Amino acid sequence: MAAAAAAAASPTVTQRDQWMVESQVFQIYQLFATIPHNAQTLMLELQRDNHMEFLSKGLRHLSSSFCVLDSNRPWLCYWIFHSIALLGESVDDELEDDAIDFLNRCQDPNGGYAGGPGQMPHIATTYAAVNTLITLGGQKSLASINRDKLYGFLRRMKQPNGGFRMHDEGEIDVRACYTAISVASVLNILDDDLMQNVGDYILSCQTYEGGIAGEPGSEAHGGYTFCGLATMILIGKVNRLDLPRLVDWVVHRQGKECGFQGRTNKLVDGCYSFWQGGAVALLQRLYPIIDNQIEGTSQIFTVTDVSGEKGSLDETSSHAASHGRHEGTRESCSSDFKSIGYNFINEWRAQKPLFHTIALQQYILLCAQEQEGGLRDKPGKRRDHYHTCYCLSGLSLCQYSWSKHPDSPPLPNLVLGPYSNLLEPIHPLYNVVLERYREAHELFFAES
Ligand SMILES: CC(C)=CCC/C(C)=C/CC/C(C)=C/COP(=O)(O)OP(=O)(O)O
Ligand SMILES: [Zn+2]
């Protein structure tokens, strides 16, 4: 039944499509293998200046059309400003100010952000707006977020089944859960009411393959898998997922092209460097919990097993062990969940990645990067800001994948190409640059 639903949801990629992509990718790798070393270094170089030019142009265009009707602009702001932050760059104050003012005009008087001024607030654009404002940083930007009203908006979107609606009368899915919980967590407005039964909803979306679907009965997909896994971590319920199966599904999504595909039998795509690569990077922090599930013990373990220190990555481990992961049991809560996002980066330790991080860097730099600036899905596709954002986010995760601390500089052999390719590290649960996350955390958690 689940398999039939999945098959219907997934238009089959023909063998011909797959061969076309493979042959394009392998031609690039073959060319790379035959050229002199200095030409190889050039080919592997992150084209920082050209990427900045592409991003700045996008921003100027966006700024000049801030008054035009379009429902995607908070997302464009996030993709562009986050990419710029990943490159360790900034733009002039006027453009930043324009963006803050524009997002403020998207903020609904009753909470949340819409895709444009006067439009209906939407949880996904709220996530994009909040992440942009955190990325811009500074008092004006962070203080512009009306957290009380935003909390009210999230409560109105909350559904009895544990999920969230994207907007008034909108769809309920795993993206809505992630964007709601991510925003609530980073802004320190997360509480028991928002978290109520979210774990049950996400659990009902884990499929027979091991990955997570957008909604119950659909096909496992990388985008939703990242969203579902990050949500479960943020609410302290990650042990309820079948993690060994999830690992098995996600690591097998990295193909011979070296990049990731979003779902079984589909084509490789640069944006999954973050969605799938990000899910694996999160799983890399959960080894003790995964080992425990593999061993099938009902031993009650504490967060000390995960972090070596007091923390709250999974405050319901004992609950899951004693009641079974798949029961829709009532979820207990404690105030520890508020620090999960913060503990996640502070209790970091060096761990071996679960995927081939150099191979993924190779796909991003040689196949997804346009030498003239911007990144893309695959060779033959056009660059765009969405793929630029998620290819760079995935690249950053690869570069720091072996690091002892989330921001300790990696050894040169872990960064493919010249060391100048090194990007800024991100907080993998929220996908904002770590330093910007820390500034926001200081402000939003100061009073608690
Ligand atoms: C935070 C947030 C809003 C997250 C969004 C997550 C995300 C990327 C979900 C993917 C949605 C989806 C099923 C795409 C399939 O497109 P496709 O059929 O064109 O691609 P495919 O062939 O690669 O599956
Ligand atoms: Zn894509």
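Residues numbered from 1 in each chain as written. Chains lettered and ligands numbered in written order. Predicted model: local features only at pLDDT ≥ 70, side-chain atom pairs only at ≥ 80, totals over all residues. Heavy atoms only, no water.

Student: A description of the pattern of salt bridges should follow, citing residues and the corresponding values.
Tutor: Two side chains that carry opposite charge are able to pair once their charged atoms sit near each other. In this structure the tally under the stated criterion is 12 salt bridges. Linking arginine 175 and aspartate 173 is a salt bridge whose minimum nitrogen-to-oxygen distance equals 2.7 Å. (Salt bridge = Lys/Arg side-chain N within 4 Å of Asp/Glu carboxyl O.)

Student: Kindly report on the coordination of the zinc ion (ligand 2), identifying the contributing residues and their values.
Tutor: Note on metal sites: the ideal angle is 109.5 degrees for four tetrahedral donors, and 90 or 180 degrees for six octahedral donors. Every protein donor of the zinc ion (ligand 2) is listed here as Asp269 (OD), Asp269 (OD), Cys271 (SG) and His387 (NE2), and their distances to the metal cover 2.1 to 2.6 Å. Seen from the zinc ion (ligand 2), its 4 donor atoms lie at angles of 55 to 120°, and the figure they make is irregular. All donors of the zinc ion (ligand 2) come from a single chain, and their spacing in sequence reads D-x1-C-x115-H. In this pair, aspartate 269 is assigned in the loop between α14 (243–251) and α15 (272–283) and histidine 387 in helix α21 (residues 385–399), connecting sequence segments 118 residues apart. As far as burial versus exposure is concerned, aspartate 269 and histidine 387 are alike and both buried. (Donors = N, O, S within 2.8 Å, 3.2 Å for Na, K, Ca; no water. Tetrahedral: all angles 85-135°; square planar, octahedral: opposite > 155°, others 65-115°. Helix = DSSP H or I, 4+ residues; strand = E, 2+ residues; numbered from the N terminus. Buried < 20%, exposed > 50% of the residue type's maximum accessible area, 1.4 Å probe, protein only.)

Student: Lay out a positive patch on the surface with the relevant residues and their values.
Tutor: A contiguous patch of positive charge on the surface is contributed by Lys57, Arg60, Arg382 and Arg383. Owing to a relative accessible area of 55%, lysine 57 belongs among the exposed residues under this scheme. (Patch = residues over 30% accessible without salt bridge, like charges linked within 9 Å, V, L, I, M, F, W, Y side chains within 5 Å. Areas by Shrake-Rupley, 256 points an atom, 1.4 Å probe, with all protein chains shown as cover. Lys, Arg positive; Asp, Glu negative; His and termini not counted. Charge placed at Lys NZ, Arg CZ, Asp CG, Glu CD.)

Student: Which residues make up the site of ligand 1, and what values go with them?
Tutor: His221, Arg263, Lys266, Tyr272 and Trp275 are the nearest of the 13 residues found near ligand 1. Contact distances for ligand 1 include 3.1 Å between an oxygen atom and a side-chain N or O atom of histidine 221. Across the complex, the protein chains shield 70% of the 630 Å² of accessible surface that ligand 1 would expose by itself. For the shell around ligand 1, the elements supplying multiple residues, two or more each, are α10 (174–186), α13 (222–234) and α15. (Near = heavy atom within 4 Å. Polar contact = N/O pair within 3.5 Å; in protein donor to acceptor, adjacent residues only side chain to side chain.)

Student: Which residues make up the confidence of the model for the protein, and what are the values?
Tutor: In low-pLDDT regions, the fine details of the predicted coordinates are not to be read closely. Considering every residue of the protein, the mean pLDDT works out to 90; 87% of them sit at 70 or more. Scored below 50 in pLDDT, residues 300–312 makes 31 contacts in the model with residues more than four places away or belonging to other chains. pLDDT under 50 marks residues 314–333. Its contacts with residues more than four places away, or in other chains, come to 51 contacts. (pLDDT = per-residue confidence, 0-100. Contact = heavy atoms within 4.5 Å.)

Student: If you had to explain the layout of surface pockets to someone new, which residues and values would you point to?
Tutor: Put simply, the largest pocket is a space of about 390 Å³. Together, 18 residues line the largest pocket, and Trp75, Arg175, Cys227, Trp275 and Tyr386 are the ones closest to its centre. Contributing elements (two or more residues each) for the lining of the largest pocket: α5 (73–86), α7 (123–136), α10, α13, α15 and α21. The residue inventory of the lining of the largest pocket, partitioned by class, reads 12 nonpolar, 5 polar and 1 charged. (1 Å grid on protein atoms, 1.4 Å probe; cavity = no way out; pocket = protein on both sides within 12 Å on 5 of 7 lines; lining within 4 Å. Points joined across faces, edges and corners; volume = space filled by probe spheres on them. Nonpolar A, V, L, I, M, F, W, Y, C, P; charged D, E, K, R; others polar.)

Student: Please give an account of the environment of cysteine 205 that cites residues and values.
Tutor: Summarising the element assignment, cysteine 205 is placed in the loop between α12 (198–203) and α13. Given a relative accessible area of 2%, cysteine 205 falls into the buried group. It is 10.0 Å that separates the C-alpha atoms of cysteine 205 and leucine 241, two residues lying 36 residues apart in sequence. With near-sequence residues (within four places) excluded, cysteine 205 lies in contact with Val174, Gly211, Ile212, Ala213, Gly214, Glu215 and Pro216.

Student: How would you sum up the nonpolar core? Please name residues and give values.
Tutor: Counting residues in hydrophobic clusters, the biggest one holds 136 residues, and the most contacted among them are Leu154, Phe164, Leu229, Leu241 and Leu243. Among the elements that make up this core, the one with the highest residue count is α5 (10 residues). Beyond its immediate stretch of four places on either side in the chain, leucine 243 contacts Leu229, Val238, Leu283, Leu286, Ile289, Ile290 and Gln293. (Core = buried A, V, L, I, M, F, W, Y, C linked by side-chain atoms within 4.5 Å.)

Student: I'd like to hear about empty space enclosed by the protein, residue by residue, with values.
Tutor: The final tally for this structure, using the stated rule, is 3 cavities of 30 Å³ or more. Empty space within the largest cavity amounts to approximately 150 Å³. Lining the largest cavity are 14 residues, and of these Ala281, Trp348, Leu397, Tyr400 and Ser401 sit closest to its centre. For the lining of the largest cavity, the element with the highest residue contribution is α21, accounting for 3 residues. Split by residue class, the lining of the largest cavity holds 10 nonpolar, 3 polar and 1 charged.

Student: How would you summarise the packing of aromatic side chains if you had to cite specific residues and measurements?
Tutor: For the structure on display, the rule yields 17 aromatic pairs. Each ring, one from tyrosine 430 and one from tyrosine 437, has its centre 5.3 Å from the other, and the planes form 15°; the classification is stacked. The burial state of tyrosine 430 is the same as that of tyrosine 437; both residues are buried. Three or more aromatic residues joined by ring pairs make a cluster, and in this case those are Trp75, Tyr78, Trp79, Tyr127, Tyr178, Phe226, Phe274, Trp275, Tyr386 and Tyr390. Taking NZ or CZ as reference, arginine 285 lies 3.8 Å from the ring centre of tryptophan 348, over its face. (Phe/Tyr/Trp six-rings, centres within 6.5 Å; stacked < 30°, edge-to-face > 60°. Lys NZ or Arg CZ within 6 Å of the ring centre and 35° of its normal.)

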